[in-house]
Amino acid sequence: YVKWDCNRHLTEVYSRQLSPAKQGEVFHRYVLGVYEVFRMLRARFPHVIIENCAGGGGRFDVAMLKYSPQIWCSDNTDALSRIRIQYGTSLAYPISAIGSHVSTVPNHQTFRHTPLKTRFVVALCGTFGYELDLTKEISAVEKEQLKAMNRLRT
């Protein structure tokens with residue numbers, strides 16, 4: 001498993017190798033180059049799952065599903081925020097492509113304390129995973145919820 005995080009906005013996109021009339025092709029050529037890199041990676045490592053990222057590199061597009069069956073659509077893992085994020089994403093992408101995890105509380109962006117069950121249900125509406133620090137003590141109720149949730153998954 002590899003998470004390919006393209007958190008770099010492309011700014012001042014140009015090429016000294018292209019004439020002024022062809023400068024509009026630079027970003028498109030960049031994207032074709034990224035596809036080629038992913039094509040080569042998939043050919044060389046067919047059993048490695050690559051999860052792509054929505055970041056500034058703009059790699060969240062339908063064509064990337066050919067190379068990366070999972071896409072992380074937002075770094076905001078707050079369950080209540082994710083409801084809208086995942087719903088909007090599901091209008092154009094299959095649920096199986098939407099990376100979604102049960103994350104820790106308080107959330108690192110919203111500082112919201114959302115019940116574990118809510119975080120679990122929202123994460124089920126995607127690829128489902130955990131982003132929990134299991135070295136920290138969790139309550140007996142949360143332990144039972146985690147056991148029950150794992151039974152649902154299997």
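The following refers to the structure shown. Residue positions within a chain follow its written sequence, with the count starting from 1. Where local features are concerned, this predicted model is filtered to residues with pLDDT of at least 70; where side-chain atom pairs are given and counted, the filter is 80 or more; whole-chain, interface and lining totals use all residues. Note: side-chain values were computed over all heavy atoms of the structure, leaving out hydrogens and water.

## Section: the pattern of salt bridges
Each salt bridge in this description consists of a side-chain nitrogen of Lys or Arg and a carboxyl oxygen of Asp or Glu lying within 4 Å of one another. Applying the stated criterion across every chain, the model contains four salt bridges. We note a salt bridge from Arg 29 to Glu 25, for which the minimum N-O separation is 2.7 Å. Residue Glu 36 is joined to Arg 39 by a salt bridge in which the shortest nitrogen-to-oxygen separation is 2.6 Å. Of this pair, Glu 36 and Arg 39 both sit in helix H1 (residues 26-44), three residues apart, roughly one helical turn. For Glu 36, a relative accessible area of 33% corresponds to the partly exposed category. Relative accessibility decides the category of a residue: with a 1.4 Å probe and only protein chains considered, values under 20% of the type maximum give buried, values over 50% give exposed, and everything between is partly exposed. The class for Arg 39 is partly exposed, based on a relative accessible area of 40%. Each helix is a run of H or I in the DSSP string that is no shorter than four residues. Each strand is a run of E no shorter than two, and both are numbered from the N terminus.

## Digging into the side chain of Ser 15
Tracing the backbone shows Ser 15 in the loop between strand E1 (2-4) and H1. By relative accessible area, Ser 15 is classed as buried at 18%.

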